[in-house]
Amino acid sequence: MIGIFKNNTPLALLLLALLALMPEFVRHAQVIAEMPAGSTAIFRYLFEFSAQVDLLNNAPRRFLKITILLVEALLLNKIISDQKLMERPGFVPAMAFLVLNALLPQHAGTAFLILNGIILMVLRMLVHLYKQAKPNNQLLLLGFIVGCLGTLNTSYLVLYGWITVCIMIMRPASVREWLISSLGFLLPYYFIASGLYLADRLDMSILFPAFDLSFRFPKLDLLGWIKIILFSLLPWLGITVYNKQIGKMLIQGRKAYLTMLLLNLAILVICLLSFADISTTISLMLIPSTLLFAPFFTAFKSNFIPNLLLLALVVLALLG
């Protein structure tokens, strides 16, 4: 099966479509995710729009979800292929993205698919940032996009630390470049605060809603916990198996893997800050987890072990 995703393009595309459709046939795919704690009014609007889309009739909803999933899977696949982050990837990264999506204990709603698309955009910009001689505009835009993510939820402010470290990794250490990216991060807050002030509705609780740090376990069954634990461990399995090949890559490739490893850890912190909502927020890990886990399927000379793991994940994803 892995060989099909490496070499047979028409059949691989058909299998990708089936993988994208798979979550629609399992019981948990129909559960509407709950809004995470600490969400701002902007995220509530986005979440309400997502809920309306997720409540559409089966045919339109399935078509929209499958289209978004396939587009994101193929875009991630293209980034990995163009930047040579894997040897002969074929459609393996796209397959890994769709399998991990199906493994989520709750289906990723439209809102979180949009957020994953934004994270995909940030990944592409970070990879290209390494070679740019005059990156000021790119740094400002990068900070602005991550700042927009930060305005959605109080816990997403963790991403400011992530983007700061990533810029220092991808670029030579420079206070000037850090200030530019920080300015970009603050711009969304400035625009929103200015709009609220002009409307005479300025209230800092709108931008930074109260956040409950109480540690409460989510209401999940045993199968849900197994999926969350496995989803969290698979990226580390991939990075461990593929570690030697990563060490042989060009410096740009190694830095790309490091930035995604740090993003995976940052989102894990976000999940722990709102542990009761982990079944929802863990879907933000899809992009970094896929990049870290996908090389597992190409790290062996024989396809037996990757095929066995792939079949096991598909079976687990199909369990309701």
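Before going into details, it helps to say that this report is about the structure given with it. If you're wondering where the values come from, they're calculated on a predicted model, not measured in any experiment.

Cut-offs applied
Residues numbered from 1 in each chain as written. Predicted model: local features only at pLDDT ≥ 70, side-chain atom pairs only at ≥ 80, totals over all residues. Heavy atoms only, no water. Helix = DSSP H or I, 4+ residues; strand = E, 2+ residues; numbered from the N terminus. Rg over C-alpha atoms; globule rule 2.2 N^0.38 Å. Buried < 20%, exposed > 50% of the residue type's maximum accessible area, 1.4 Å probe, protein only. Contact = heavy atoms within 4.5 Å. Areas by Shrake-Rupley, 256 points an atom, 1.4 Å probe, with all protein chains shown as cover. Lys, Arg positive; Asp, Glu negative; His and termini not counted. Charge placed at Lys NZ, Arg CZ, Asp CG, Glu CD. Phe/Tyr/Trp six-rings, centres within 6.5 Å; stacked < 30°, edge-to-face > 60°. Disulfide = S-S within 2.5 Å. Axes fitted to C-alpha atoms, helices over the stretch in contact; angles between N-to-C directions. Left-handed = near helix turned anticlockwise from the far one by under 90°. Nonpolar A, V, L, I, M, F, W, Y, C, P; charged D, E, K, R; others polar. Polar contact = N/O pair within 3.5 Å; in protein donor to acceptor, adjacent residues only side chain to side chain.

Our next topic: the overall build of the protein chain. Check the secondary structure of the protein chain and you find 16 helices and zero strands. For 320 residues, the compact-globule formula gives about 20 Å, and the C-alpha radius of gyration of the protein chain, at 20 Å, lands near that figure. Considered along the principal axes of its C-alpha atoms, the protein chain spans approximately 60 × 50 × 35 Å. Looking at the protein chain residue by residue over its 320 residues, the buried ones come to 52%. For the protein chain, contacts bridging at least 24 residues in sequence account for 79% of all contacts bridging at least 6. When the accessible area of the protein chain is evaluated, it comes to approximately 15,000 Å², of which 69% is carbon and sulfur surface. Put simply, the protein chain has 23 plus and 13 minus side-chain charges, and the middle of one group is 15 Å from the middle of the other.

Under the counting rule described, the total for this entry stands at 14 aromatic pairs. Put simply, the rings of Tyr160, Phe185, Tyr189 and Phe208 touch in pairs and so form one group of aromatic residues.

Taken as a whole and judged by the stated rule, the model has zero disulfides. Cysteine 166 carries a free sulfur, and the closest cysteine sulfur to it, the one in cysteine 271, is 17 Å from it.

This paragraph deals with the packing of helix H6 (residues 110-129) against helix H13 (residues 251-273). Between H6 and H13, the shortest axis-to-axis distance is 10 Å and the interhelical angle comes to 145°. Here the hand of the crossing between H6 and H13 comes out right-handed. Of H13, the residues touching H6 (which contributes Ile119, Leu123, Leu126 and Val127) are Gln252, Ala256, Thr259, Met260 and Leu263. Counted by class, the contact of H6 with H13 contains seven nonpolar, two polar and no charged residues.

A positive phi angle, near 55°, is found at lysine 84, a position not held by glycine. Among the secondary structure elements, lysine 84 is positioned in the loop between helix H4 (58-82) and helix H5 (92-103). Of note in this structure, arginine 88 is not a glycine but carries a positive phi near 45°. For arginine 88, the position within the fold is in the loop between H4 and H5. What makes arginine 88 exposed here is its relative accessible area of 69%.

The next point concerns the side chain of asparagine 264. Along the polypeptide, asparagine 264 turns up in helix H13. At a separation of 3.0 Å, a polar atom in the side chain of asparagine 264 contacts the side chain of serine 289. Contacts of asparagine 264, omitting those with residues within four sequence positions, involve Pro235, Trp236, Met285, Pro288, Ser289 and Leu292.

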